[in-house]
Amino acid sequence: LVFCSPLRRAAYGARQVAEKHGLEIIEDDRFREIERGRWLGLTQAQVEEKFPGDLKNFAADPTWKQHGGETYTDLFERVLSGFDDLLKIAREKNVRGVALVSHMWVTKSVVTDAMGIKPVQQDEWKKVDIPTASISVLDFPREGGREGAIVSVGVKPELSDEAAEKTA
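Definitions and limits used
- Residues numbered from 1 in each chain as written.
- Predicted model: local features only at pLDDT ≥ 70, side-chain atom pairs only at ≥ 80, totals over all residues.
- Heavy atoms only, no water.
- Pairing = 2+ DSSP bridges.
- Helix = DSSP H or I, 4+ residues; strand = E, 2+ residues; numbered from the N terminus.
- Axes fitted to C-alpha atoms, helices over the stretch in contact; angles between N-to-C directions.
- Expected span 1.5 Å × (residues − 1).
- Buried < 20%, exposed > 50% of the residue type's maximum accessible area, 1.4 Å probe, protein only.
- Contact = heavy atoms within 4.5 Å.

*Asks:* Teacher, can you tell me more about the sheet that holds strand E3 (residues 99–101) here?
*Replies:* Backbone hydrogen bonds hold the strands of a sheet together, and the pairing may be parallel or antiparallel. In space, the three strands of this open sheet follow the order E2-E1-E3, with parallel pairing throughout. In the strand order of this sheet, the two ends are held by strand E2 (25–27) and E3, each with one partner. Each strand of the sheet is rotated relative to its neighbour by a mean of 25 degrees, with strand direction disregarded. Of the strand pairs in this sheet, strand E1 (residues 2–4) and E2 are connected by three bridges, and their pairing is parallel. Residue pairing across strands places Phe-3 opposite Ile-26, the latter belonging to E2.

Structural data, given as structure tokens:
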């Protein structure tokens, strides 16, 4: 099984994995990227210029959402709702391996949950680095909840010469 965000770049990546391995794709809106509200499409510098103090307020207060988007806690709860269903479906279908192709903040939510770190634990949560286009591997039991073991986090795969040329 391959679960993914319905956003174009994640759905594309999911298709690549699914086609190569003959797997079913399940798109789930709960795995979309964090909703940035009025910041969408802006760089950090642009946000600071257009909305002075927003980034400082967002970083200081895990409940602040005057930007019209999600807090990291909102994201965390949304993603984990989807992840609970992902585990349930995988277990019902007796699938041994599942891929989730999504976005950095989605991956960070799943990984930090496995580490026992919640977004309100801001200092610890910020330390967990998930690079863009990286792979994290977690191992979950066949029964039970989300008590998984982390195998690897944020590994950047080596590109073949052919793949490197396509991305250049």
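Having seen the structure, we can now continue with the description.
*Asks:* Teacher, can you tell me more about helix H4 (residues 72–92) here?
*Replies:* Here H4 is 21 residues long and its end C-alpha atoms lie 30 Å apart, about the 30 Å a rise of 1.5 Å per residue gives. Residues of H4 that are buried include every one of Tyr-72, Thr-73, Leu-75, Phe-76, Arg-78, Val-79, Leu-80, Gly-82, Phe-83, Leu-86, Leu-87 and Ala-90, and no others. Looking at the packing, one finds that the buried side of H4 touches E1, helix H3 (54–60), E3, helix H5 (104–115) and helix H6 (122–127). Looking one or two places after H4, you find Asn-94, whose phi comes out positive at around 55 degrees.

*Asks:* What's the story with the environment of Glu-77 in this structure? I'm lost.
*Replies:* Looking at where Glu-77 falls in the secondary structure, it is placed in helix H4. With 47 residues separating them in the primary sequence, Glu-77 and Arg-30 have C-alpha atoms 9.4 Å apart.

Note that all results are geometric; they support no functional claim without further evidence.
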